[in-house]
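Each chain, letter by letter, is given below.
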Amino acid sequence: MISSKQIGRRRVGGDQILKGAVAAAAVSIVVLLIALGIELINGSLQSLTTFGFPFLYSNTWDPNHNIFGALPFIYGTLVTSAIALLIGLPVSLGVAIFLSEKAKGHRSVGYVLGSLVELLAAVPSVIFGLWGLFVLSPNLKTYVEAPLHEYLGFLPIFSTTPIGLDYFVAGIILAIMIIPTVAAVSRDVLNAVPNSQREAMYSLGATHWEVIRKSVLPYARSGIFGATILGLGRAVGETMAVTFVIGNSTAISPSLFAQGYTLSALIVNQVAETSTPLNASAIVEVALILFGLALVINIFARLFVVRLTRGARFRA
Amino acid sequence: MLENLLSSIFYDSHYTCCRLPINHLFLPVALKMNFNKTATSGTTIGLVVVLIVVVVAAGAYIALNGSGSTTTITQTSVSTSVSTQTSVSTSVSTQTSTQTSVQTSTATSTVTSTETSTSALLPAATVNGAGGTLVFPLMSTWLYTFNQLQPNVQVNYASVGSGAGITDISKGTVNFGESDAPLTKAQYSALPAGSTLLTVPVSASGVVPAYNIPGLPAATHLNFTGDVLAKIFLGQITVWNDPAIVALNPKVTLPANPIVVIHRSDGSGTMYAFTNYLTDSNAQWKAQVGTSTTPNWPVGTGCKGNEGVAGCIENNQYSLGPLEVAYVLTNSNLIGVSINYGTVQNHAGNFILATLADVTLAMQAGVTQGAAVPQGSTPWTGWSIINNIYNDSTDTGIYPITTFTYALIYESLSASYAGFTSQAQATATVSFIWYCVNQGQTAGANIGYAALPANVVASDKSTLSLVTYNGATLLTGS
């Protein structure tokens, strides 16, 4: 026989266990993040004290002579991510608007297309890398880069003779990789826009495009911005696909058709072959920079989203 | 018009499509979940049908090529339900795995059957090693064939890179390390106090200049010298019809196109050997770049791995890049088709097209010429075949860019710093390395690795006989 008192006690005990378990899970995330930061700083201490602040703007990376500077990698990361957003964002928005606004009357079209977008997000990045190296790179070189260089070669950004392994190809690969993420989140955001917003516009005689542009997109802009930052986060940290097509050269060039390097590509290329403790430490410092960059992007994005949503509330 | 628009809006007001990506990532799961429900959409059914057809076709193909037992399963599966589908797919996968294992065992048994194992069965032990990627294809073969001879011993090898291999053995997290380059002074000083690390050459490789010049016949192999290669990789020679290259290749019409320089982006023993050769050949390279697994390349494009370098050369006309001999000799689908490779001049003045025989000759010369092979516990810093044969004019057929890859093991094995837990483990480690050096050498020819010459094997044997566990010598017999 189990009395009601026992049941009550047991329930309280279960609640406390659950509470403790979920609290531990939540705290472990914070601990993990802090431990990661501490470990990165600890690992890069030797490099930090040897090179100091100039590590960030020195452009020589020579493991053989123990001279290390991260500028080429920071530059490459920023340039490729910028290209990725510039190309990826409009396409993602197009996909999201089509799925949420235009494909509404055709369930199967939206269903198949939406599933395919999500499938694209699940493709491992090394596959994009191999495909980029063997398929995308030669085709972009022949049909996009070569004509641009021939006719617009006087512009500094197209001035290098293209070989198909450069900032531009890496940026395109990244754009393809962030499109599924940005498009899927943006679509959910657009789907969440209340229909009253649309109806109000239609009742004023607006066209479908005007409804999207003046009512749906402004309403969803903070969400879309969040989606973009998610994409940017992926572009900054992406490693394998970029390593295959960026050309891995420590030279810094204004030309998009020149070979470059990114922070993550450097780590994956050189971490297994460190000849001195200082070399290993410098690689950890590159990881620290990447970690910091990701944190800054996310904090910036949070602040921006908060500001935007507050603005929306005031407008309403 | 407006009515239509409004109705379409209201019709879809609770529209939630495709929110469950998992359904599409794991189709068999989705199938199990949805099959009894009526709500499965047409597209899902279509995809499932396609999947079933593919699985059945694969099963039938393997059944026809393999044993008869799977044929019956395939026949039942065509007519019926989902659960048998999954059973087919699993049976198919196990079928293929057993087939491949049978194939490898027959392939390798021909190698090992010629060698008679003189050592008795070793007691059970697990041996862990870590190190370079250059030797990994050969190491995988050794792991398998050694396990056939010594079924009680389990050897694991992590192909993590030479630098990481040296770090692991320094920290005692592995029983043996592996590296494409000897330890540097800094790496020696990072070893545990009182320890002595032995260096044992286990295999060798060469590096060839590979290129893609359209219009040249496959039978033509361009001639290179170390100095010309250094100038190309320094950015001093930039076009194919540079007088220095033309002088080496008087019978070939070279194009006026710029040379697209390719190299490895990841740290590698192949690049260590290549830059070692350039350092010996050109004073400016020595001063500016030097010998390194991860040099600071003055010009060129970095591509990941041998496959990456080959892909970059293949995709870029008029490109040139260093490739490992093993890769060149085992990828005949590429070589001579879209990629070709050149000869390199040795000190006797001959232009040598790399073959396993030339690489073996270079090893033989490398341990007899120049600086003496470090014996026993003497540090190997700076020693290389390339340095030793660079000025060797007596051996006319040697390939000049030839390099050893080394196993690393402590001289006195113990629990304190080398991570050994028993004498059985120590014996197994030494036996494995000795097997690689001795019997295992014949396994390399198929996959592009030259066999160690007899004088190197003898020198390795005397090094390995220094290894002790609690004072007891481990290498006994032949």
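This structure is a prediction, so every number in the text was calculated from the model and none was measured.

Break down the overall build of chain A for me, citing the residues and quoting the values.
Helix and strand counts for chain A come out as 11 helices and 0 strands. For chain A, the sequential pattern of α-helices and β-strands runs α-α-α-α-α-α-α-α-α-α-α. Dimensions of chain A, computed from C-alpha atoms along their principal axes, come out at roughly 75 × 65 × 40 Å. Here chain A holds 316 residues, and the buried ones make up 41% of them. Contacts in chain A between residues at least 24 apart in sequence constitute 75% of all its contacts with a sequence separation of at least 6.

Requested: an account of the overall build of chain B, with residues and values cited.
In terms of helices and strands, chain B carries 19 helices and 15 strands. When each of the 478 residues of chain B is scored for burial, the buried share is 45%. Counting only contacts in chain B whose residues sit at least 6 apart along the sequence, the fraction spanning at least 24 positions is 73%.

Outline unusual backbone geometry, listing residues and values.
Phi at A:Asn248 is positive, roughly 45 degrees, even though this residue is not glycine. Within the secondary structure, A:Asn248 is located in the loop between α9 (240–245) and α10 (263–270). A positive phi angle is found at B:Asn470, which is not glycine, with a value near 50 degrees. Take B:Asn470: it is sitting in the loop between β14 (468–469) and β15 (472–473). A count of 11 C-beta atoms within 10 Å places B:Asn470 in the exposed class.

Would you mind going over the nonpolar core in detail, with residue names and values included?
Within the largest apolar cluster, 184 residues are counted, with the highest numbers of intra-cluster contacts made by A:Ile173 and B:Ile433. Of all the elements, helix α6 (residues 167–191) of chain A adds the most residues to this core, at 18 residues. In contact with A:Ile173, other than residues within four places in its own chain, are A:Phe128, A:Gly132, A:Leu136, A:Ala241, A:Val242 and A:Val245.

Summarise the domain arrangement of chain A; cite the residues concerned and give the values.
Residues and elements named next belong to chain A. The assigned domain composition of chain A is domain 1 (4–43) and domain 2 (54–315). Domain 1 and domain 2 are separated by 35 Å when their C-alpha centres are compared. Of the residues that constitute the side of domain 1 that touches domain 2, the class distribution is 2 nonpolar, 2 polar and no charged.

Outline helix α8 (residues 208–237) of chain A, listing residues and values.
Helix length check: α8(A) (30 residues) gives 38 Å between terminal C-alpha atoms against 44 Å at 1.5 Å per residue, more than 12% under. Along α8(A), the largest kink reaches about 60 degrees and is centred on A:Arg221.

Tell me about the sheet that holds strand β11 (residues 351–352) of chain B, residues and numbers included.
Residues and elements named next belong to chain B. If you trace the 3 strands from one edge of the open sheet to the other, you get β5-β10-β11, paired in mixed fashion. Each edge of the open sheet carries a strand with a single partner, namely β5 (223–224) and β11. Pairing between β5 and strand β10 (residues 343–345): 2 bridges, direction parallel. Of the residues in β10, the one forming a bridge with Asn 223 is Thr 343.

I'd like to hear about the pairing of strand β2 (residues 153–159) of chain B, residue by residue, with values.
Residues and elements named next belong to chain B. For strand β1 (residues 125–131) and β2, the ladder comprises 7 bridges, and the chain directions are parallel. Considered in β2, the bridge of Gly 131 is made with Ser 159. Considered for its hand, the β-α-β crossover made up of β1, helix α7 (residues 136–149) and β2 is right-handed.

Kindly report on the confidence of the model for chain B, identifying the contributing residues and their values.
All names here are of chain B. Confidence in the prediction for chain B averages 78 pLDDT; 74% of positions are at 70 or higher. Taken as a whole, residues 1–43 scores under 50 in pLDDT and shows 41 contacts with residues more than four places along the chain or in a different chain. Confidence drops under pLDDT 50 across residues 66–118; counting only partners more than four residues distant or on other chains, this segment forms 49 contacts. Of the two predicted TM-score estimates for the complex, the pTM is 0.76 and the ipTM is 0.79.

Break down the environment of B:Asn212 for me, citing the residues and quoting the values.
Residue and element names in this part refer to chain B. For Asn 212, the location among the structural elements is in strand β4 (residues 197–212). Since 22 C-beta atoms lie within 10 Å of it, Asn 212 is described here as buried. Distance from Asn 212 to Ser 281, taken between C-alpha atoms, is 24 Å for residues 69 residues apart in sequence. With residues up to four places along the chain from it excluded, the contact list for Asn 212 reads Ile 313, Glu 314, Asn 316, Gln 317, Tyr 318, Ser 319, Ser 338 and Ile 339.

An account of the sheet that holds β14(B) is needed here, citing residue identities and associated values.
Residues and elements named next belong to chain B. Reading across the sheet, the 3 strands line up as β13-β14-β15 and stay open at both edges, with mixed pairing between neighbours. Strands with a single pairing partner mark the edges of an open sheet, and in this sheet they are β13 (412–413) and β15. Relative to β15, β14 runs antiparallel, the two sharing 2 bridges. For Tyr 469, the partnering residue across the bridge sits in β15 and is Ala 472.

Report on the packing of helix α7 (residues 195–203) of chain A against α8(A), specifying residues and quantitative values.
All names here are of chain A. Viewed as axis vectors pointing N to C, α7 and α8 meet at an angle of 150 degrees, and their least axial separation amounts to 10 Å. As judged from the angle between their axes, α7 and α8 are roughly antiparallel. α8 is crossed by α7, and the crossing has right-handed handedness. Each of Gln 197, Arg 198, Met 201 and Tyr 202 in α7 lies in contact with α8, whose residues at this interface are Glu 210, Val 211, Lys 214, Ser 215, Val 216 and Tyr 219. Across the contact of α7 with α8, the residue classes tally to 5 nonpolar, 2 polar and 3 charged.

Tell me what's going on with the interface of chain B and chain A, and back it up with residues and numbers.
Taken residue by residue, the interface counts 42 residues in chain B and 41 residues in chain A. Counted by class, the side of chain B that touches chain A contains 15 nonpolar, 24 polar and 3 charged residues.

Outline the environment of B:Ile401, listing residues and values.
All names here are of chain B. Along the chain, Ile 401 turns up in the loop between α17 (385–390) and β12 (402–410). A tally of 31 C-beta atoms within 10 Å means that Ile 401 is categorised as buried. Expressed as a C-alpha distance, the spacing of Ile 401 and Thr 270, which sit 131 residues apart in the sequence, is 9.6 Å. Once residues within four sequence positions are removed from consideration, Ile 401 is found in contact with Gly 206, Val 207, Ala 273, Phe 274, Tyr 277, Val 344 and Ile 386.

How would you sum up the environment of B:Leu248? Please name residues and give values.
Residues and elements named next belong to chain B. You can see Leu 248 is positioned in helix α11 (residues 243–248). Its 18 C-beta neighbours within 10 Å are what place Leu 248 among the partly exposed residues. Along the chain, Leu 248 and Ala 193 lie 55 residues apart, while their C-alpha atoms are 52 Å from each other. When near neighbours in sequence (up to four residues on either side) are disregarded, Leu 248 contacts Asn 223, Phe 224, Thr 225 and Val 228.

Describe the pairing of strand β6 (residues 260–264) of chain B, and please don't skip the residues or the numbers.
Residues and elements named next belong to chain B. Among the 5 residues of β6, 5 are classified as buried, and the element is accordingly described as predominantly covered. Of the strand pairs in this sheet, β6 and strand β8 (residues 319–324) are connected by 2 bridges, and their pairing is parallel. When the bridges of β8 are listed, Val 261 appears paired with Leu 320. Across 3 bridges, β6 lies against strand β7 (residues 301–303) in parallel orientation. For Ile 262, the partnering residue across the bridge sits in β7 and is Thr 301.

I'd like a rundown of the packing of helix α5 (residues 125–152) of chain A against α6(A), residues and numbers included.
All names here are of chain A. Packing of α5 against α6 brings their axes to within 9 Å, and their N-to-C directions diverge by 125 degrees. It follows that α5 is oblique to α6 by the angle criterion. Read as a crossing pair, α5 and α6 show a hand that is right-handed. Judged by residue contacts, Ser 125, Phe 128, Gly 132, Leu 136, Ser 137, Leu 140 and Glu 145 of α5 engage Phe 168, Val 169, Ile 172, Ile 173, Ile 176 and Met 177 from α6.

Cut-off values and rules
Residues numbered from 1 in each chain as written. Chains lettered and ligands numbered in written order. Predicted model: local features only at pLDDT ≥ 70, side-chain atom pairs only at ≥ 80, totals over all residues. Helix = DSSP H or I, 4+ residues; strand = E, 2+ residues; numbered from the N terminus. Buried ≥ 20, exposed ≤ 12 C-beta atoms within 10 Å, placed from the backbone. Contact = placed C-beta atoms within 7 Å. Core = buried A, V, L, I, M, F, W, Y, C linked by C-beta atoms within 7 Å. Domains from an automatic or database assignment. Nonpolar A, V, L, I, M, F, W, Y, C, P; charged D, E, K, R; others polar. Expected span 1.5 Å × (residues − 1). Bend = angle between axes of the 7 residues up to and from the residue. Pairing = 2+ DSSP bridges. Right-handed = clockwise from strand over helix to strand, strands pointing away. pLDDT = per-residue confidence, 0-100. Axes fitted to C-alpha atoms, helices over the stretch in contact; angles between N-to-C directions. Parallel < 35°, antiparallel > 145°, perpendicular 65-115°, else oblique. Left-handed = near helix turned anticlockwise from the far one by under 90°.

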